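# Secondary and tertiary structure notes
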2 protein chains.
Amino acid sequence: MTCRSAKSAPVRVIVLLLLAAGASAAASAPAPPRAEGILDLLPVPASVTIREGRFRVDQGLTIARPDAAGPKGGPKDRAFRAAARFMTRLAGRTGLFLDQDFLASQSAAAAEGGIRYSFGRPGRLLPKEDESYTLAVEPAGIVLEAGTDIGVLRGFETLLQLLSADEKGYYFPCVLVTDRPRFTWRGLLIDVGRHFHPVDVIKRNLDAMAAVKMNVLHFHLTEDQGFRVESKVFPGLHELGSDGMFFTQAQIRDIIEYADDRGIRVMPEFDIPGHSTSWFVAYPEFASAPGPYGIERKFGIFGPAFDPSNERIYPFFDAFFKEMAGLFPDPYLHIGGDEVEGHQWDANPAIQAFKTKHGIADNNALQAYFNGRLLKILTKHGKKMVGWDEIFQPGLPKDIVIQSWRGPQSLVDAARQGFQGILSNGYYIDLCQPAEAHYLNDPVPADSPLDEGQRALILGGEATMWSELVTPETIDSRIWPRTAAIAERFWSAASVRNVEDMYRRLGPVSAGLEELGLLHIKNVEMILRRLAGRPGIKPLKVLAEAVEPLEDYQRHGQARYTSLSPFTRFVDACPPESPAARRFGTLVDRFLAGKDRAAGQEIRAVLVRWKDNHAPVLALLAASPALREIEPLSLNLARACGSGLEALACLEKGEGQPAAWAEERARLLAEAAKPAAHAELVVVKAIGRLVEACAGGPK
Amino acid sequence: MTCRSAKSAPVRVIVLLLLAAGASAAASAPAPPRAEGILDLLPVPASVTIREGRFRVDQGLTIARPDAAGPKGGPKDRAFRAAARFMTRLAGRTGLFLDQDFLASQSAAAAEGGIRYSFGRPGRLLPKEDESYTLAVEPAGIVLEAGTDIGVLRGFETLLQLLSADEKGYYFPCVLVTDRPRFTWRGLLIDVGRHFHPVDVIKRNLDAMAAVKMNVLHFHLTEDQGFRVESKVFPGLHELGSDGMFFTQAQIRDIIEYADDRGIRVMPEFDIPGHSTSWFVAYPEFASAPGPYGIERKFGIFGPAFDPSNERIYPFFDAFFKEMAGLFPDPYLHIGGDEVEGHQWDANPAIQAFKTKHGIADNNALQAYFNGRLLKILTKHGKKMVGWDEIFQPGLPKDIVIQSWRGPQSLVDAARQGFQGILSNGYYIDLCQPAEAHYLNDPVPADSPLDEGQRALILGGEATMWSELVTPETIDSRIWPRTAAIAERFWSAASVRNVEDMYRRLGPVSAGLEELGLLHIKNVEMILRRLAGRPGIKPLKVLAEAVEPLEDYQRHGQARYTSLSPFTRFVDACPPESPAARRFGTLVDRFLAGKDRAAGQEIRAVLVRWKDNHAPVLALLAASPALREIEPLSLNLARACGSGLEALACLEKGEGQPAAWAEERARLLAEAAKPAAHAELVVVKAIGRLVEACAGGPK
């Protein structure tokens, strides 16, 4: 670090009151926050003041930890390791050979200048822990202060996002950031049950979570399709229920330690009494219908469920959760509880007799009985219970947490009765919806009927990566970068809702995730290369600009997917949200709104590129049977672009088209909008707007 | 699978006698083997007979394992898991939704048709184990037979490489392959000491090794820069010697199991008595000079060495190797032994006195004494000793193995005295040399002075990935695809030496490695994206076509590299061997040899692309200080291409150029050939050949 200007820069000018209610704006078209065009911070901090000057980054940069002798962190604490990772990433981005040996003792590092960090105490990985920090960048030095070392971690991520360059080299712009999260529970659920995702997948996603200040990995460990954690007490569970694809306990500990180092809790979920086929491969006697059972390959809601009337399951769960409570240090343990349809219960006379005998009215009550028994077991082993909406019932203790997948109303209902909740409805990233949809979904919307005290019971939310349709090769592209938008929703002020600015900042964040090993960008071309069977995949990249995977659950209607199906087709290479398609839609809207001549030129160039792409695509299909399914996509894109070019020419001349022309084009576009190869041409809608605009005869 | 033609196809036509001595050819310009242009198999099998017909691959494809009840493999043996992986990879490449649930019981799979495999007995992971197999592809079915399940694994890799496509879909061409390796020790050394490479790096490289039929992971676990394995007996070793970057014993067991599943031995190396600084951080008292010691950050040969005269080190090694012998099941344990310069020994009076007292003449003899003590310890714990050249001395038992890094002569010397050897000299893949250089380097060259019995003592060889200049981000591109050429050298017949055909097959093999998670292709652009700090890196990709990292040890002369340096610069994105540069050189040679008009056109197009690339590169540099070091490379490339275009024009007109012109261009090219940004413009030589060809006045 060298000082470019004076010791202390005068504070000035731009105070970004991003947290302030004054910046609140309608969801439809909010005013851009003042950070727009200035900083790329994501999530937006609670407060940012931009100052004069630049802190220069060069090979002399030093970083100094707090006094090793004191209680605030020895050489091997969490903050120290975070500082080391920060310096590695900084060196990686800048290519600088830093003089400092930052992993060894730093007593030699001068007390002045450079980067200094300090914190009050080691943070505990619990909800409501202090994650706040203050980051002051001045030309002469950078000071990062926090109440806990977890706050230090958050601050380092902000600092790295501030890295900038000019003609003289790299620098950090001088700022004062005061920051703290809006919600304390900012989670990502990874479903390793339906498809197994090994340690390296989990670790790189933990790194990505830390980069956007998320703090809970919700580890969905068991499903009909797989039991993914080693049990030493009941080894049949993982041995028979996983096809050999499970985490050993050593791997689980490794993951927890890795997460801890990044200030991330690991909450395990064992989904019972339904979603439990894989348990019954080893223990058919615990199911509500006779076995034998095999690992489920298909996806959906299945009948097998634990038999709550079978008294032998409770000692089993007692021993099992005792083991898991010892393995997972988090105070919360998730018991699932979703989608129990009760078919096995209804068909089992003994269970019906049990209900009658105990005055249990219906299956909901039977599940409540089951949950009550489980609650005692969890409590005995020191865990607080978390479950999906279905587990909620008034009699439960107030320290449980309800996770809503069905809608925000269940959280409202629970909060009104004093229960804590987290929101996942609206954050189903497996459904391949645009980031915008998740971004504008608020755990506590402005129109929430809750009072202030009740609102405080909404702890936050979780993005959910259900894994029916993802493998280790594709999961990153289904999580990132869209989940960064959700992370901002959980961290930043409710008033931070500018969609355009979110997308602007999503680009650099997405690029930054690559340095952590995320595969969301690079595997696109890898999958295309494999499909093509040879180099020269540009036509496929061009086609992919206009294509997205089918949204919601539509893709399941296209084929009978199983956990053994290949996820290596063109649709799997396409990210859930195409930046090029989004940009095209924006251009069209801008053009139609103001007849912007430059937008028209860019629209024409894009339409021509997509239209002329069909012949090169066809040439690739000859060598690749696996690609042949995309021929309709490519053909329809070319046809739609032809219509778009006709419309654009009309609009630029200020002419219209007869109704028959518009009808014919509308038919063509409707055809082009149909799913093909499990994907859809998402640019057809914008082309349709061009066509519509010049329909109806001369203007 | 469906049968396109009759039940049994008539054998016919092309018998590829690739193993036969009759196909032997001079290294300079060998005749292409008959497989050229027909099959992409790498390594080339011992014998391939191509037959009529195609085995069709469709969603009905089945695979049948041997009878589960018999001794030849139950449902969870190594071959079964390999079959499952084969089917997953096949589905991945073809996008086919296979009907068969191949991970569960296959008793339902019909005995006829489909793929059937069988083997005589489970293989043992020992040298000289039977790895042979026979693969018969007929239109009606595929039969893979082997003496051991390891042979089955090798056969599945061959079968996957046979996958082909035509207008009807995917198929396997009908062939009869009879195959066995030439050498029994086909290794890859990965140095995790100088840079740590975590479990996921090791696992994906094990997958890649298996894909090209390599069978030994030489795990270089300790170095001056790091002690990378957990010791429960002496925890100070990894706790103080690794910066927290080590393999837990659970991770080691995980790696060994993963390797075992792929028919790969894991041989650990603990490099002593030199290369051992990291051991002394915890145990300075075992060094030959007083401490304290810190983990070494620089690279080179360092003084610290164990003190052979210190009697206390032997009980230490006894306990340590007892622990490691229990952790690593391989019968061999490598003790390193290289590059002990003895400076600490010379400076220590007690050691000098010890030598005198015991009649030890010099430091070599002192190391031999040390090795003799170690040999007893290893023998006690059931391990055979392996070491680098330096450990060789006549009195050792005949079951040790000498690994030669200094040259083939040491193997010749050892073999003449009845010792086994493996060759690594010539396979130093860290030096960024072309694949060709390694490919033509034979463990037992045709002119070997050894007799047949002595030749049999040369067990094979190992590619060595020393890790001074690689990180987990770049290591794959330094290992692959070049190591596949070495794998062929170790597996295929000595007569398989056609360099052009090797390169032809290296392309598909390299592409195929991506499906196993290897990052050698995709990280090129990832590093360039990070450097550019924004999308639009095409100019960097174009420049990289003409650039390779400096070869041999030249890069160390460009900067003071340490284990903390960034390896994220332009040079780190450039693969060791540029296919585009190689092709350019071939084109130039073809043009100059025959004045091929088409080659001239392609040369011009390439030269123009490179020449016109400079302005776009400059535009990128403005935003990226880390990229600015490449400006001379880009400028020199543009200048050199200008000269090349002038020369090409002359040659095409049949004209020459005056001597002054040639001299001026030669000066310019000499300047362009100088290293910049730790890399070099490798296409300058070929441009120089164009310039030379038209020098000396009119033709």
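### Observations regarding the overall build of chain A
What chain A contains, in helices and strands, is 25 helices and 20 strands. In terms of its C-alpha atoms, chain A occupies a principal-axis envelope of roughly 80 × 75 × 55 Å. For chain A, the proportion of its 699 residues judged to be buried stands at 62%. Of the contacts formed within chain A by residues at least 6 apart in sequence, a portion of 76% connects residues at least 24 apart. Accessible surface, chain A: about 24800 Å² in total, of which carbon and sulfur atoms supply 55%. Here chain A carries 80 positive and 85 negative side-chain charges, and the mean point of each set is 3 Å from the other.

### Here's the deal with the packing of helix 22 (residues 614–621) of chain A against helix 23 (residues 631–653) of chain A
Residue and element names in this part refer to chain A. Where helix 22 contacts helix 23, the axes come no closer than 9 Å and their chain directions differ by 170°. By the angle between their axes, helix 22 is roughly antiparallel relative to helix 23. Counting all contacts with helix 22, which are made through His614, Val617, Leu618 and Leu621, the residues of helix 23 involved are Glu631, Ser634, Leu635 and Ala638. Grouping the amino acids of the contact of helix 22 with helix 23 by side-chain chemistry returns five nonpolar, two polar and one charged.

### Topic: the pairing of strand 2 (residues 47–57) of chain A
All names here are of chain A. For strand 2, the buried fraction is high: eight of the eleven residues fall into the buried class. Bridging between strand 2 and strand 8 (residues 169–179) involves eight bridges; their strand directions are antiparallel. Looking across to strand 8, one finds that arginine 56 is bridged to tyrosine 171.

### Points about the interface of chain B and chain A
Accessible area lost upon the coming together of the parts is a frequently used measure of interface size. Each side of the interface is counted separately: chain B has 52 residues, and chain A has 53 residues. For chain B, the biggest contributors to the area lost against chain A are Phe97, Lys522 and Leu564 of chain B; these three give 16% of the whole. For the pair chain B and chain A, the interface holds two salt bridges. When the shortest N-O distance is used, the salt bridge between arginine 529 of chain B and glutamate 514 of chain A registers 2.8 Å. Along the contact surface separating chain B from chain A lie 16 residue pairs in polar contact (both at pLDDT 80 or more). Put simply, the parts of the chain that give the side of chain B that touches chain A at least two residues each are helix 1 (78–94), strand 7 (164–166), strand 8 (169–179), helix 3 (199–211), helix 5 (249–261) and helix 17 (522–532) of chain B. Tallied by class, the residues present in the side of chain B that touches chain A amount to 20 nonpolar, ten polar and 22 charged.

### Concerning the packing of aromatic side chains
Inspection of every chain in the model, using the stated rule, returns 76 aromatic pairs over all chains. Each ring, one from phenylalanine 219 of chain B and one from phenylalanine 247 of chain B, has its centre 5.2 Å from the other, and the planes form 50°; the classification is tilted. On the criterion of sequence distance, the pair formed by phenylalanine 219 of chain B in strand 10 (residues 216–220) and phenylalanine 247 of chain B in the loop between helix 4 (236–241) and helix 5 is long-range, its members being 28 residues apart. Considered together, phenylalanine 219 of chain B and phenylalanine 247 of chain B belong to a single accessibility category, that of buried residues. Here the guanidinium or amino end of arginine 262 of chain A rests over the ring plane of tyrosine 258 of chain A, the centre of that ring lying 3.5 Å away.

### Some details on the relation of the copies chain B and chain A
Between the two copies, chain B and chain A, the superposition gives an RMSD of 0.0 Å; the rotation angle is 180° and the shift along the axis is 0.0 Å. In short, the pair behaves as if placed about a two-fold rotation axis. When the interface residues of chain B are mapped onto chain A, 100% of them again fall at the interface, so both copies present the same face.

### Focus: the confidence of the model for chain A
Residues and elements named next belong to chain A. Per-residue pLDDT for chain A has a mean of 91; in total, 91% of the residues score no lower than 70. Here residues 1–37 scores under 50 on pLDDT; set against residues more than four positions off or in separate chains, the count is 75 contacts. Here residues 69–74 is a poorly scored stretch, pLDDT under 50, and it has eleven contacts once near neighbours within four places are set aside; other chains count. In the predicted assembly, ipTM is 0.91 and pTM is 0.93.

### Description of the nonpolar core
In this structure, Phe219, Trp279, Phe317 and Trp480 of chain B are the most contacted members of the largest nonpolar core, which totals 98 residues. Ignoring any residue separated from it by four or fewer positions in sequence, one finds tryptophan 279 of chain B in contact with Thr222, Phe227, Leu237, Phe270, Asp271, Ile272, Phe306, Phe316, Phe317 and Phe320 of chain B.

### A look at the side chain of arginine 56 of chain A
All names here are of chain A. Structurally, arginine 56 can be placed in strand 2. Residue classification places arginine 56 among the buried residues on the basis of a relative accessible area of 7%. At a separation of 2.4 Å, a polar atom in the side chain of arginine 56 contacts the side chain of aspartate 166.

### A word on the pairing of strand 17 (residues 420–423) of chain B
It is a general feature of regular strands that their side chains alternate between the two faces of the sheet. Residues and elements named next belong to chain B. Alternating positions in strand 17 separate into two faces, Gln420 and Ile422 on one and Gly421 and Leu423 on the other, with burial throughout. Strand direction decides the pairing type here: strand 16 (residues 401–404) and strand 17, joined by four bridges, are parallel. Counterpart to isoleucine 402 in the pairing with strand 17 is glycine 421. What joins strand 16 to strand 17 is helix 11 (residues 408–416), and the crossover it makes is right-handed. Pairing of strand 17 with strand 18 (residues 458–465) involves three bridges; the strand directions are parallel. Pairing of glycine 421 across the sheet is with isoleucine 458, part of strand 18.

### Side note on unusual backbone geometry
Residues and elements named next belong to chain A. Isoleucine 272 connects to proline 273 through a cis peptide bond whose omega is 5°. With respect to the helices and strands, the residue proline 273 is situated in the loop between strand 13 (265–269) and helix 6 (277–280). Following glycine 291, the chain continues to proline 292 via a peptide bond in cis, the omega torsion being 0°. Structurally, the position occupied by proline 292 is in the loop between helix 6 and helix 7 (313–327). Non-glycine residue histidine 678 carries a positive phi angle of around 65°.

### Thoughts on helix 11 (residues 408–416) of chain A
All names here are of chain A. Residues Ser410, Leu411, Val412, Ala414 and Ala415 constitute the buried set of helix 11. Of the surrounding elements, those touching the buried residues of helix 11 are strand 16 (401–404), strand 17 (420–423), helix 13 (452–455) and strand 18 (458–465). In the stretch just after helix 11, glycine 418 is the one whose phi turns positive, near 90°.

Conventions and cut-offs
- Residues numbered from 1 in each chain as written.
- Chains lettered and ligands numbered in written order.
- Predicted model: local features only at pLDDT ≥ 70, side-chain atom pairs only at ≥ 80, totals over all residues.
- Heavy atoms only, no water.
- Helix = DSSP H or I, 4+ residues; strand = E, 2+ residues; numbered from the N terminus.
- Buried < 20%, exposed > 50% of the residue type's maximum accessible area, 1.4 Å probe, protein only.
- Contact = heavy atoms within 4.5 Å.
- Areas by Shrake-Rupley, 256 points an atom, 1.4 Å probe, with all protein chains shown as cover.
- Lys, Arg positive; Asp, Glu negative; His and termini not counted.
- Charge placed at Lys NZ, Arg CZ, Asp CG, Glu CD.
- Axes fitted to C-alpha atoms, helices over the stretch in contact; angles between N-to-C directions.
- Parallel < 35°, antiparallel > 145°, perpendicular 65-115°, else oblique.
- Nonpolar A, V, L, I, M, F, W, Y, C, P; charged D, E, K, R; others polar.
- Pairing = 2+ DSSP bridges.
- Buried area = accessible area lost by both parts, 1.4 Å probe.
- Salt bridge = Lys/Arg side-chain N within 4 Å of Asp/Glu carboxyl O.
- Polar contact = N/O pair within 3.5 Å; in protein donor to acceptor, adjacent residues only side chain to side chain.
- Phe/Tyr/Trp six-rings, centres within 6.5 Å; stacked < 30°, edge-to-face > 60°.
- Lys NZ or Arg CZ within 6 Å of the ring centre and 35° of its normal.
- Least-squares fit on C-alpha atoms with pLDDT ≥ 70 in both.
- pLDDT = per-residue confidence, 0-100.
- Core = buried A, V, L, I, M, F, W, Y, C linked by side-chain atoms within 4.5 Å.
- Right-handed = clockwise from strand over helix to strand, strands pointing away.

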